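# Summary of the model geometry
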Amino acid sequence: MRFEFTEDQIAWRDKIRDFLRQNVTPAIQQEKRNSDPITNGPLAKAFLEKVKKKGWIGIGWPKEYGGMGETMVKQFIFLEEFRTAKAPAIGMTLTSLAPTIMSVGSDEMKKEWIPKIVDGEIELALGYSEPDAGSDLANLKTEAVIDGDEFVINGQKTWNSEGHVATHEFLACRTDPDVPKHKGISIILVPIDYPGVKVLPIHTWGDVRTNEVFFDNVRVPRSNLVGNLNEGWTYAMMALNLERFDIGSIADVRRLLIEVVDFLKSTTVDGEVLSKNTIVRQRVAELYSELEICKWFAYAAAAMIDEKKFPMKEMLMGKVMGSELKAKVGDIGTQVMGLYGQLRQHSKWVPVNGDVERLFRVAPLFRFGGGTNEIMRDIIAQKSLKLPREGAR
Ligand SMILES: Cc1cc2nc3c(=O)[nH]c(=O)nc-3n(C[C@H](O)[C@H](O)[C@H](O)COP(=O)(O)OP(=O)(O)OC[C@H]3O[C@@H](n4cnc5c(N)ncnc54)[C@H](O)[C@@H]3O)c2cc1C
C-alpha cells in the first residue's frame with residue numbers, strides 16, 4: 001500500500017501545473033467570478049481552446065475518439081490541478097455525458113457525435129429532474145412516443161442548469177409506460193433549437209442560472225437514441241456516478257482554506273491577530289484535516305477504477321463528504337473572517353476576492369447535485385451496511 005504518486009504521476013502533475021501557471025491569468029479568474037459559475041466567458045473559452053490543442057480534452061477517453069487513453073488517477077490529478085489553479089472548468093458534457101455515450105452509444109452515434117463534442121460544437125444539458133421527479137427520478141413523466149423514424153416528445157424538465165447555453169439535451173424520457181418505472185426510460189439527444197422546445201430561467205441564490213424546459217410535440221430522429229431503447233436508467237446512473245466523482249474533488253476549497261489562513265495571519269481585530277485566536281485555529285485545523293482525508297478518498301476511488309473495480313461506496317462517500325466540506329469551508333470560512341466574511345467581491349474591503357462568501361451561497365448546490373446527500377447516505381446504508389430499504393419492514 002503506497003499513499004503517494006508515482007514518478008510518472010508527479011511528472012504529469014508538474015506538466016499541468018506549469019501550463020496552468022503560464023495560462024491562468026488573474027483576468028481569467030476575475031471573468032469566472034463575474035459570471036454564472038457554469039457559463040464560460042470569452043477568456044475562458046480561449047483558455048479551453050489551448051487545453052484542447054494540448055490534447056487534454058478526454059484524458060481517460062480512448063485514443064480513437066481524441067482522448068489520451070490514460071488512467072483515472074491521471075484524469076483526477078488533472079481535475080485537481082485545474083481546481084487548485086482556479087482555472088475554467090471542463091464541463092459535464094466532457095466529464096460525464098460524453099464518456100457515457102462512448103460506453104453505450106452505437107458506433108454510428110459515436111462517430112457522428114463525439115468529434116463534435118470534442119470540438120465544442122455540441123454541448124449537452126442534463127435533462128433528468130422534473131417537477132415530480134427529483135430524488136425519485138424514476139417517476140419522470142416526459143414521454144417520447146415513436147412515430148415512424150422519429151420520437152415525438154412532450155413534457156417538462158426543471159433545474160435544467162445548462163439549458164440556456166447548451167445545444168442539446170441529454171434527455172431522460174419515458175418510452176414504455178406499461179413496465180416497472182425504472183424499465184421504461186430511454187435517453188435521447190434533443191436539439192434545444194428544435195420547434196416546440198421552450199427554455200425559461202430560474203435564478204438561484206448562488207448566482208447559478210438554471211432553467212425550466214418545456215417540450216411540446218418535439219420531433220427528433222430515432223437515431224438520436226443513446227444506446228438501447230428502455231435502458232436509459234442504467235445509462236443515467238452511469239453518468240451520475242461520474243458526476244458524483246467530480247463533485248467529490250475538493251481541491252478548490254483546499255486552496256481557498258489556505259487563502260483564508262493567509263488572511264487570518266495578516267489581519268488584526270481588537271488588537272489580536274486572528275490566527276492567534278484559539279477558536280479560529282481549532283476550526284481551520286479541523287477543516288484542513290477533513291480536507292486531507294477527503295482528498296485520499298477520491299484518489300482511492302480513482303485507483304480502484306484503474307484496477308477495473310467499481311468503487312461505488314467510495315464514490316458516494318466522496319460525494320457526500322466533499323459536498324459537505326464545501327459547505328463547511330463556506331460556513332466556517334465566513335465565520336472566522338469576522339464581519340469581513342460577509343462582504344461581496346466588489347467591496348474594497350473584501351477578503352480573498354469574495355470567493356468564500358460566494359462559496360457559502362453556491363455550496364448547497366453540491367449537496368443536491370448528482371442526487372441529494374440524504375439519498376447517497378441511504379444507498380450507503382443499504383449497500384455497505386446491509387440495512388433494509390427505507391420504509392421496508
Ligand atoms: C441549482 C440546481 C441545479 C440543478 N441542476 C440540475 C440539472 O442540470 N439537471 C437535472 O436533471 N437536475 C438538476 N438539479 C436537480 C437536483 O438533482 C435535484 O434537486 C435533486 O435530485 C433533488 O430533487 P428535488 O429537488 O426534487 O428534491 P426532493 O427529491 O423533493 O427532495 C427534497 C428533500 O427531501 C429529501 N428526500 C427525498 N427523498 C428522500 C428519502 N427517500 N430519504 C431521505 N430524504 C429524502 C432530499 O434529500 C431533499 O433534502 C439541480 C438542482 C439545483 C438546486
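Residues numbered from 1 in each chain as written. Predicted model: local features only at pLDDT ≥ 70, side-chain atom pairs only at ≥ 80, totals over all residues. Heavy atoms only, no water.

### Considerations on the site of the ligand
Within the structure, the ligand sits among 14 residues, and Ser 135, Trp 159, Ser 161, Thr 372 and Glu 374 are positioned closest to it. Backbone polar atom of Trp 159 to a nitrogen atom of the ligand: 2.9 Å apart, as the coordinates give it. Glu 374 is positioned with one of its side-chain polar atoms (N or O) 2.6 Å from an oxygen atom of the ligand. In the complex, 68% of the free accessible area of the ligand, which totals 980 Å², lies under the protein chains. Contributing elements (two or more residues each) for the shell around the ligand: α11 (355-368) and α12 (373-383). Taken together, the residues that form the shell around the ligand break down as six nonpolar, six polar and two charged. (Near = heavy atom within 4 Å. Polar contact = N/O pair within 3.5 Å; in protein donor to acceptor, adjacent residues only side chain to side chain. Areas by Shrake-Rupley, 256 points an atom, 1.4 Å probe, with all protein chains shown as cover. Helix = DSSP H or I, 4+ residues; strand = E, 2+ residues; numbered from the N terminus. Nonpolar A, V, L, I, M, F, W, Y, C, P; charged D, E, K, R; others polar.)

### Considerations on the pairing of strand β1 (residues 124-127)
Both faces of β1 are covered, namely the face carrying Leu 124 and Leu 126 and the face carrying Ala 125 and Gly 127. In this sheet, strand β4 (residues 168-174) lies alongside β1 in parallel orientation, the contact comprising four bridges. In the sheet register, Leu 124 faces β4, and the bridge partner there is His 168. (Buried < 20%, exposed > 50% of the residue type's maximum accessible area, 1.4 Å probe, protein only. Pairing = 2+ DSSP bridges.)

### Some details on the packing of aromatic side chains
Under the criterion given, the structure shown has 16 aromatic pairs. With 5.9 Å between their ring centres and 55° between their planes, Phe 47 and Phe 82 make a pair best called tilted. Placement of Phe 47 in helix α3 (residues 42-53) and of Phe 82 in helix α4 (residues 72-84) is noted, with a sequence separation of 35 residues between them. Across the pair, exposure class does not vary: Phe 47 and Phe 82 are buried alike. The ring of Phe 214 is capped by Lys 198, whose NZ or CZ atom sits 6.0 Å from the centre of that ring. Over the aromatic face of Phe 366 sits the side chain of Lys 326, whose NZ or CZ is 4.6 Å from the ring centroid. (Phe/Tyr/Trp six-rings, centres within 6.5 Å; stacked < 30°, edge-to-face > 60°. Lys NZ or Arg CZ within 6 Å of the ring centre and 35° of its normal.)

### Topic: the domain arrangement of the protein chain
One can read the domain layout of the protein chain as domain 1 (7-90), domain 2 (124-236) and domain 3 (248-383). Distance from the C-alpha centre of domain 1 to the C-alpha centre of domain 2: 29 Å. In this complex, domain 1 contributes four residues to the contact, which on the side of domain 2 involves eight residues. Summed over both sides, the interface of domain 1 with domain 2 buries roughly 400 Å², with 63% coming from carbon and sulfur. Summed over the shared surface of domain 1 and domain 2, the number is zero salt bridges. Where domain 1 packs against domain 2, one counts zero residue pairs in polar contact (both at pLDDT 80 or more). (Domains from an automatic or database assignment. Contact = heavy atoms within 4.5 Å. Buried area = accessible area lost by both parts, 1.4 Å probe. Salt bridge = Lys/Arg side-chain N within 4 Å of Asp/Glu carboxyl O.)

### Topic: the pattern of salt bridges
Per the counting criterion, the structure on display carries 28 salt bridges. The salt bridge partner of Arg 13 is Asp 14, with a shortest N-O separation of 3.2 Å. Look at Asp 14 and you get partly exposed, because its relative accessible area is 32%. Because the salt bridges share partners, they merge into one network encompassing Arg 33, Lys 86, Arg 255, Glu 259 and Asp 355.

### Structural notes on the nonpolar core
Looking at soluble globular proteins, one finds that nonpolar side chains tend to be buried together. In terms of nonpolar packing, the biggest core is built from 59 residues, with Leu 20, Phe 47, Val 51, Ile 114, Tyr 128 and Phe 170 touching the most fellow members. Residues within four places of Leu 20 in sequence aside, it is in contact with Phe 47, Glu 81, Phe 82, Ala 85 and Ala 87. (Core = buried A, V, L, I, M, F, W, Y, C linked by side-chain atoms within 4.5 Å.)

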